[in-house]
Every structure is written in structure tokens, then in C-alpha cells.
Amino acid sequence: MSIPQKVTLSVQGMSCASCVGRVERGLMTVGGVEDVGVNLASETAQFTATAAGIAGAVAKLDDLGYPARTQTVTLNIESMSCASCVGRVDRALEEVPGVLSVSVNLAAETATVVYAEGATTLQDLIKASTDIGYPASVAEAGATQDRSERKAEEARELARKMALAAVFTLPVFLIEMGGHLIPSLHHWVTAAIGQQNSWILQFVLTSVVLFGPGRVFYLKGFPALIKRAPDMNSLVAVGTGAAYLYSVVVTFLPGLVPAGVRAVYFEAAAVIVVLILLGRFMEARAKGRTGAAIQKLLGLQVKTARVLRDNQMIEVPIEALALGDVVVVRPGERIAVDGEVVEGSSHVDESMITGEPVPVAKSSGSPVTGGTVNGAGGLQFRATRVGADTTLSQIIRMVEEAQGAKLPIQGLVDHITLWFVPAVMAVAALTVLVWLILGPDPALTLALVAGVSVLIIACPCAMGLATPTSIMVGTGRAAEMGVLFRKGDALQQLAEVSIVALDKTGTVTEGRPELTDLVLAEGFERSFVLSRIAAVEARSEHPVAEAIVRAAGNEGLAGLEARDFSSITGHGVRALVEGQEVLVGADRLMEQKGIATVALSGEETALAKRGRTALYAAIDGKIAAVIGVADPVKASSKAAIAALHAQGLKVAMITGDKRETAEVIAAETGIDTVIAGVLPDGKVAALNELRGSGRIAFVGDGINDAPALAHSDVGIAIGTGTDVAIESADVVLMSGDLRGVVNAYEVSRRTMRNIKENLFWAFAYNAALIPVAAGVLYPLSGILLSPVLAAGAMALSSVFVLTNALRLRRIRPAMDETKPGAWPAG
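Computed from a prediction, not measured in an experiment: that's the story for all the values here.

Participant: Help me out: how do you make sense of the overall build of the protein chain in this one?
Facilitator: Of the regular secondary structure elements, the protein chain holds 30 helices and 29 strands. For the protein chain, with 826 residues in total, the buried portion stands at 53%. Contacts spanning at least 24 positions in sequence make up 70% of the contacts within the protein chain whose residues lie at least 6 apart. Summed over all atoms, the accessible surface of the protein chain reaches about 34700 Å², with 57% contributed by carbon and sulfur.

Written out as C-alpha cells, the structure is:
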């Protein structure tokens, strides 16, 4: 039961005394919350509460519409070695009052904590983790780079320790195991130095190994055991310690041990330490490689830039760039930050953004993105995004957040592994007891061997690494292919979808319509009608409007001025031009305004059947023309939809266009289901209609489709270019190409399969080998697993999981095996 404490929460949204009253009354109804006081001037709520009461208060504030301000921090966590460590850190941080959520990642050695402002502090979080034996520190900017360098240094340090341990272990192994394997060697050692001297020599060498390179296991393992929170180090410390102490007693106090069981196991203790150090060395190297994608991204960031200031070109650190600075880029250089070209022309390699290898032409007014590579021309551009706001910084932040996420599948693993080590220690104790009671002679020796083997082989390292390593490698590889998983759980959910619903404009089609037809009503002239329609549409941002305005410009029509413009959502637009009311929109707009369309309805139907978007235009209450606009299908859409079908997915299209137009596009591309004539707010209802057939991923442009993106099981924003910060999307595709959807699904499917393989291996390994280590095969075959072999198997299980996860780095874009990756290898 936690002790009540005084808490001050920062509350958002209060604007008057009524708000204060609602917040006070609401908090008073929360169990465990007392002495409530709300201050409008400081926007705070003070009260006394238990840890559970604080969480309830935060939830109540959310329900009331006055959410408490929260902070998110990422901590570097040291000394985690297995899934049980993850569980203990997770539980310790969750028990800190005011903590709302915790995600601990063994592979990245981090913990991401969301907490209520005022309820706790960073120091409290750091102390909570450090007090249970896992020192914590705040991960600063560049933490990924720091982690990579830290893992490299850790690998080098482990290599030194392993080499030193191996040098001292080799003679012990040769003397003891060599004597068992080669009888003549045993006789030579006994004759040359004597058995007692041999044991003393092994004692000295093994002591150097255990209290030198291996002392880390005892310094961490025994304190954790004393605190009743045993971890992997505890298993190793108890196992090797038991073998070592038994051998010491046999060597120096032989009278305490029956003559029939006087044998030493110095070589087992020493070799176990060597093998576990070897496993940790291989783990450290592999963990360093799991962040390779982030390392590539960080490598795209330039350190300095040349800036024009006071008509002088000076070189400044990238951190010193400010909005509005004019940056000079020479041929072949990387562009420093996002901006807009003000002078010069060139071609820029934007493959790191779009995955497309073809350089893009840039001239005055063109946008450029930090990290992309300039071609043969020189450019000057004005900085529009700097620091953390650049596209590259956003991408890095998204990938890091996705890599640190905890998938739903991980919850079961965490629940099991939290109690796994104590359970293993109980099984080891039971194993020793059973062997002592029921085992044949020498029962004591056999009991020791079996007990130590159970302790060593059962370490849950592989379980803890199974999920986070696959997530890190999978999301990193996805980013290289231009697919950004903004939310970690989308990685799992995307693999479970059965329907992909597509927006039409800009997703299946190019999103840049062209005016193809203008059929006039009797008594109207083309220039008269088109100039007035264009004047109205010039005030609209719709792609169809842009097509009409472009057509008028291409025909040299004078630009007229539209007044009193209004947009009628889902219907069309209206304005006054030259004193005349001009309406442009769908037939439902004309019907709403009482304008007869019968004269042109046949033409409108014919245009729709040919795949045109057909709109009516009316001037001063009379039908004037029917407009045909075509938005060409993207060249890659048909192949991408076929690829989705090959993956067993159904494809639907949701559009506001007429059914005839939509059906033409569906027939051309192979789309299964069409829902047409849908207003923007009707896409959510359309998704509900489709949801009866399975989980749905919705693909849209991330702006007009925000409600549908948020309502679908997985929202995929496509064609966003440099605008990657889309709050409503779960997955962001850096190119405007449906092939990105295929690649996203492929990465998701392959990553989830990889995670399941890892979890199967980790659990099957323990389920199969713990009984073998305990000796269940001994009555049938006389086989009893050696502690040395147990240590080797344990180390290999972790290395297997890491190696299996690293295979995800070889995922190729699903639609083109020969296309280069998103970023240059160098």
C-alpha cells in the first residue's frame, strides 16, 4: 500500500471559474484523492493521493476534458541482461507515483516513461531504477550514436575479459577434461605433479578467472539475490559458485566429502564464465548492428554549412543555422537543412526520402530537403526548417520511437519472464533434492551437476531479446525503404489486416487532374464560361480546381476576380464574377439550388463512363456547361494492387467521385470493392461498412483523410513528401507510391514472423532443455547434461535470436528486387 503524498498537477484547458469547479468536483470523486485545491491562475490542481489515486486523477482529468500535462523521457538503463531484468525495471518505474506508462527495451537498453508533470521528477525515475541495481541516466540528443559507441566499447571490453579468462581456463580444461578423454594424459599429470597439486593448480587458475573477468556475475548476482530479485547474473553466480565451492572443499577439506564423490569441477566453473562472456560479446556486437539503419540516417546529417551573411560566405556549425539563412550548396554536397531554392538550378538525389533513384530537378522556388545530395549544379536556398524540425530529424525521431515500442505480443513475454528466474531457482533446488533422495551413487556429485546445469541453461536472455531486436531491425530496414512506422504497435497490426482501403485522388491516381472536356449548353461560349469558372476555382485548393485554372491559363484567358466565394463541403463552390453568380460542382449542388441539368445530363453520364470526373457549371441560375476532368492512374498502382492481391489481401477504394468514374478506375487497376460518392466525413462510415470483413488498413494523403486514417486499424499516409509529421497516421510512406504499401506490409509480415520464430526458439529451448539439464534422460540413457554444455547452449540461444533478427536487414523492396535501397550504402 503506497503512502499518500502531496501532488501538484499542471492542468490544461481551464479558462474560467466554472472549469475550476468541474475539475475540483471531478477530482473529489476519485478514490484515494483528498484535500483537493484547484488554482486557475497557475493552472494547477493540488491534492493528497496514493499512487493509484494519482493515476485515477489523471484519468479523471482526461475524461473531464482538462488533461494533465505529461512529459515523456527516455532513460539509458545499464546492467540489463535478460527478460527478468526488463520486468523488474518496468515494475520499479511503474510504481513511481505519477508514472502513466513504461516501455523497457532490452535490445536498445532504454526505458521510455510517460509521467504526469508535477507528480514525479526525473530524479525520482532515475533513483527508482538505480536503487534496484540498474543505473539509469537521461538519454540526451544523439543517444543512438552514443548507444552504438557504448555497445562497441562494451564489445571490446568483453573481448578483453573473455581472452583473459580463456588464457587461464585452457590449462584447467586440458588438465581435467583432457585427463578424462585421454587416459595416458591423466596418468602423466598424476605422475608428474600429483592429483592434489593438479587440483591446487586448477584452484589457482580458476580463482583468477572467477574473481577477475568473472567477478561481475558475483558483484551483481548475489546482491540481486539478497534483494529477492534474482536475475541472470544470480543464476550464473549460484551455479558457478556451487561448482567452485564444492571443488574447494574436495581440494582442501576432503574429509568432509565421502571418498566416492571426491571430484573437482573447477573446469566447469571456469569454462562457464568463458562461454557466457563469449555469448555477451557476441550479443553486444549484434546489438550494435541492430541500430545500423539509424546510424545510416545519422550519417546523412552534415556538420557544417556555408551561409551568406552580410554578403560574406562563412562556414558555421549546423546547430548555428537559423530560419531564413541563405545556404550555399556546391556540386556533390549534401544539403544541410530543409529549405527553398532562391538561386541556381541542379538535380538533387532524394532517394533517402522517396526511395526513387532518379534525381529531381531543382530551380528557384523548389523545396529541398536536408540530407539529400546535390548534383552537378550550384544552389542557394533559404532555410525553412532547422534543428529538430527538419525532415531528417523527424524521420530519426520516428524510427527511434518505433524501435523503442512495446508490441502487444511482448506483454505475455514480460508477464512470464518476471517470475521466470525465481521459478528456475526453485526448480534447481528441487532437482538437487530429488537427486540426493532418489539418485544413484555418487548422488551428491550428480545432484550438483544437475542443479548447476539447470541454473545455467535456463537463463531467459533469449526471451528478452526475441521481440525488441526484431522490432529494431525491422523498423530500421523499413525506414531505409521509405516506410516509417510512427507507432510501434502498427508493426503488429499491419500484419493482421485483411483489407486495404484506398483513397482515390493522389493515392491510386496522380492527384494532378487535367481538364479534358468542356461541353457547353446552348447559348454559351467557351471563353466566357471557362474564364468565369476559372475565376471561381482559383479561390479553391482542390486538385480539380487547379486543373481548370491551368487550362484557362493555357488558353490565354484573362484572369477575372471572384467575390463572395464560399465552399459547400462535398458539393462544390460558388462566387460572384462580373456581378454574376457562378456555381461549379456535382449534380447534387445543382439539385440543391434548383437548377435543371437535363440538357447536359446525358453528356455528364457519358463522361463519367469514360472515367472522367464530371462537374456542372451554372451562371446566374442557368446550366452553362458540364466539365470533364481526368486524373490519370499512377503507373505503379495496377502492379501494387496486384502485389497486394498476391499477399492474400482484398483491396477497396473509397472516393467522393461518381460510381461510374470510380468503376472505370477500379476495372483498370483490379480493385475489388468500390464505395463511391462518399463525402469526406462519410469515409469513417465506409470503413465501418468494410470492417465486417476483417481488420482494415486505410491509405490516404494524411490531410483530407485524417479522420479515416485515425479510425482505421492501421492508418497509412502516402505521398507526404517532406511533410512527415502526421499525427493521424500510424505509418508514413515517404513517396507518393502505392508500392510503399506493399513494402510496409511485407516488412510487417516478415518482422512478425521473425518475432514468432524467436519466441518459439526461446521458449522451446527452455521447455526442452531444462528437463534434460535436470536429468530426466539419465534413468533411460545415462545421459546427464554437463554444466559446460549447458553454458554453451545458453549462450548460443541468445546469439541465435540476435542472428535471426539481423536477417531482417536483408529484406528487399517487395515489388522490385533490383531497385537500389533508399540510401546510398556509403
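Participant: Teacher, can you tell me more about the pairing of strand β3 (residues 44-49) here?
Facilitator: Working note: regular strand, side chains alternate between the two faces of the sheet. Of all six residues in β3, five are buried, a share of seventy percent or more. Bridge analysis of strand β2 (residues 33-39) against β3 gives five bridges, and the strand direction is antiparallel. Following the sheet pairing, G37 is matched in β3 by Q46. Between β2 and the antiparallel strand that follows it, β3, lie four residues; E43 among them carries a positive phi value of about 55°.

Participant: Which parts of the structure should I look at to understand the UniProt feature "transmembrane region" (unreviewed entry) in the protein chain?
Facilitator: UniProt tags residues 158-179, 199-222, 234-257, 263-281, 416-438, 444-467, 759-778 and 784-806 as "transmembrane region" (unreviewed entry). Counted over residues 199-222, helix gives 88% and strand 0%. Its end C-alpha atoms are 26 Å apart. Each end of residues 784-806 is marked by a C-alpha atom, and these two atoms are 34 Å apart; helix forms 87% of the span and strand 0%.

Participant: Even after reading the chapter, I still don't get the pattern of salt bridges, so can you show me in this structure?
Facilitator: Pairing is possible between side chains of opposite charge, provided their charged atoms come close. One pass over the structure, following the stated rule, counts 21 salt bridges. The closest approach of N and O atoms between R750 and E746, which form a salt bridge, is 3.2 Å. Here the residue R750 and the residue E746 both occupy positions in helix α28 (residues 739-774), the gap between them amounting to four residues, near one helical turn. Taking the relative accessible area as the measure of exposure, R750 reaches 22% and is therefore partly exposed. Within this structure, R306, E315 and E333 form a network of salt bridges that share partners.

Participant: Honestly, the confidence of the model for the protein chain in this entry has me stumped. Any pointers?
Facilitator: For the protein chain, per-residue confidence averages 82 on the pLDDT scale, and 88% of positions sit at 70 or higher. Contacts from residues 817-826, a stretch scored under 50 in pLDDT, to residues over four places away or in other chains number 25 contacts.

Participant: Is there a simple way to explain helix α8 (residues 215-226) in this structure?
Facilitator: Helical geometry note: an α-helix holds 3.6 residues per turn, so side chains three or four residues apart project in the same direction. Taking 1.5 Å as the rise per residue, α8 with twelve residues should run 16 Å; its terminal C-alpha atoms sit 17 Å apart, in good agreement. Within two residues after α8, R228 carries a phi angle of roughly 60°, on the positive side.

Participant: Sorry, what's going on with the packing of aromatic side chains here?
Facilitator: Describing an aromatic ring pair means giving the distance of the ring centres and the angle of the ring planes. Applying the stated criterion to the full structure yields nine aromatic pairs. When the ring of F203 is compared with that of F252, the centres are 5.0 Å apart and the planes differ by 80°; the resulting orientation is edge-to-face. Taken together, the residues F203 in helix α7 (residues 195-211) and F252 in helix α9 (residues 232-252) connect sequence positions 49 residues apart. For F252, a relative accessible area of 41% puts it in the partly exposed group. An aromatic cluster is defined as three or more aromatic residues linked by ring pairs; in this entry it consists of F203, F211, Y218, F222, Y244, F252 and F266.

Participant: Where do I start with the sheet that holds strand β1 (residues 5-10) in this structure?
Facilitator: Strand pairs in the sheet, formed through backbone hydrogen bonds, run parallel or antiparallel to each other. Pairing is antiparallel across the open sheet formed by three strands, whose spatial order is β1-β3-β2. Of all the strands in the sheet, the pair left with one neighbour each is β1 and β2. The average angle at which neighbouring strand axes cross in this sheet is 15°, direction not considered. The sheet contacts of helix α1 (residues 17-28) involve β2 and β3, and relative to β2 the element is tilted by about 170°. Packed on one face of the sheet, helix α2 (residues 51-64) meets β1, β2 and β3 and runs near 150° to β3.

Participant: Would you explain the environment of P171 in this entry?
Facilitator: Here P171 is to be found in helix α5 (residues 143-181). The partly exposed category is assigned to P171, whose relative accessible area is 31%. For P171 and Q202, which are 31 residues apart along the polypeptide, the C-alpha to C-alpha distance reads 7.9 Å.

Participant: I'm lost on the environment of A793 in this one. Help?
Facilitator: By the element assignment, A793 lies in helix α30 (residues 787-806). For the pair A793 and L275, spaced 518 residues apart in sequence, the C-alpha to C-alpha distance is 9.3 Å. With near-sequence residues (within four places) excluded, A793 lies in contact with I457, Y765 and L769.

Participant: Any chance you could explain the packing of helix α24 (residues 637-646) against α28 here in plain terms?
Facilitator: Packed helix pairs are characterised by how far apart their axes lie and by the angle those axes make with each other. At a minimum axis distance of 8 Å, the contact between α24 and α28 shows a crossing angle of 25°. By the criterion of interaxial angle, the relationship of α24 to α28 is roughly parallel. In this structure, α24 crosses over α28, and the sense of that crossing is left-handed. Between α24, through A640, A643 and L644, and α28, the contact on the second element is made entirely by R739, V741 and V742. Partitioned by chemical class, the residues of the contact of α24 with α28 number five nonpolar, no polar and one charged.

Participant: Whenever I open this one, unusual backbone geometry confuses me. Can you help?
Facilitator: Apart from glycine, the bulk of residues carry a negative phi angle, and the bulk of peptide bonds sit in the trans form. A positive phi angle, near 55°, is found at E578, a position not held by glycine. A relative accessible area of 55% places E578 in the exposed class. Positive phi is not limited to glycine here, since D620 has a value of about 50°. As for its position among the elements, D620 is in the loop between β23 (613-619) and β24 (622-630).

Participant: Could you clarify how one ought to interpret the sheet that holds strand β12 (residues 346-349) in this entry?
Facilitator: Judged by pairing direction, the sheet is antiparallel, and its three strands sit side by side in the order β13-β12-β15 without closing on themselves. Every interior strand has two partners, whereas the edge strands, β13 (360-362) and β15 (373-374), have only one. Inspection of the sheet shows β12 paired to β13 by three bridges, in the antiparallel sense. Paired with S346 across the bridge in β13 is K362.

Participant: Got a minute to help me understand helix α26 (residues 683-691) in this structure?
Facilitator: For α26, the set of buried residues is K683, A686, L687 and L690. Taken end-on, α26 shows its buried residues confined to a sector of 100°, consistent with a single buried face.

Participant: Looking at this model, I keep getting lost on the nonpolar core. Mind explaining?
Facilitator: The biggest cluster of nonpolar side chains holds 138 residues, and the ones touching the most others in it are M80, L125, F485, L494, I716, V731 and L738. If one sorts the elements of this core by residue count, α28 sits on top with 14 residues. Excluding its chain neighbours within four sequence positions, the residues that come into contact with V731 are V483, L484, F485, R486, A490, V714, G715, I716, A717 and A744. One finds A547, A617, A624 and V626 within the second-largest nonpolar core, a separate group that totals 40 residues.

Participant: Please clarify how the packing of α9 against helix α16 (residues 443-457) should be interpreted in this entry.
Facilitator: For the pair α9 and α16, the least separation of the axes is 8 Å and the interaxial angle reads 160°. With respect to α16, the axis of α9 lies roughly antiparallel. The chirality of how α9 crosses α16 is left-handed. For the pair α9 and α16, the contacting residues are L235, V236, V238, G239, A242, A243 and Y246 in the first and L444, T445, L448, V452, L455 and I456 in the second. Here the residues of the contact of α9 with α16 sort into eleven nonpolar, two polar and no charged.

Participant: What is the right way to look at the environment of P367 in this model?
Facilitator: Assignment of secondary structure puts P367 in strand β14 (residues 367-368). Given the relative accessible area of 52%, P367 is considered exposed. Taking the C-alpha atoms as reference points, P367 and D338, 29 residues apart in sequence, are found 7.5 Å from one another. Here P367 is in contact with G339, E340, E350 and K362, once residues within four sequence places are set aside.

Participant: For this particular structure, what's the right way to read a nonpolar patch on the surface?
Facilitator: The grouping of L430, L433, V434, L436, I437, L438 and L444 at the surface amounts to a nonpolar patch, some 680 Å² of accessible area in total. Among the structural elements, I437 can be located in helix α15 (residues 420-438). Among the residues examined, I437 registers a relative accessible area of 60% and is labelled exposed.

Conventions used here
Residues numbered from 1 in each chain as written. Predicted model: local features only at pLDDT ≥ 70, side-chain atom pairs only at ≥ 80, totals over all residues. Heavy atoms only, no water. Helix = DSSP H or I, 4+ residues; strand = E, 2+ residues; numbered from the N terminus. Buried < 20%, exposed > 50% of the residue type's maximum accessible area, 1.4 Å probe, protein only. Contact = heavy atoms within 4.5 Å. Areas by Shrake-Rupley, 256 points an atom, 1.4 Å probe, with all protein chains shown as cover. Pairing = 2+ DSSP bridges. UniProt positions renumbered as here; feature names shortened; annotations may be inferred. Salt bridge = Lys/Arg side-chain N within 4 Å of Asp/Glu carboxyl O. pLDDT = per-residue confidence, 0-100. Expected span 1.5 Å × (residues − 1). Phe/Tyr/Trp six-rings, centres within 6.5 Å; stacked < 30°, edge-to-face > 60°. Axes fitted to C-alpha atoms, helices over the stretch in contact; angles between N-to-C directions. Parallel < 35°, antiparallel > 145°, perpendicular 65-115°, else oblique. Left-handed = near helix turned anticlockwise from the far one by under 90°. Nonpolar A, V, L, I, M, F, W, Y, C, P; charged D, E, K, R; others polar. Arc of directions from axis to C-beta. Core = buried A, V, L, I, M, F, W, Y, C linked by side-chain atoms within 4.5 Å. Patch = residues over 30% accessible without salt bridge, like charges linked within 9 Å, V, L, I, M, F, W, Y side chains within 5 Å.

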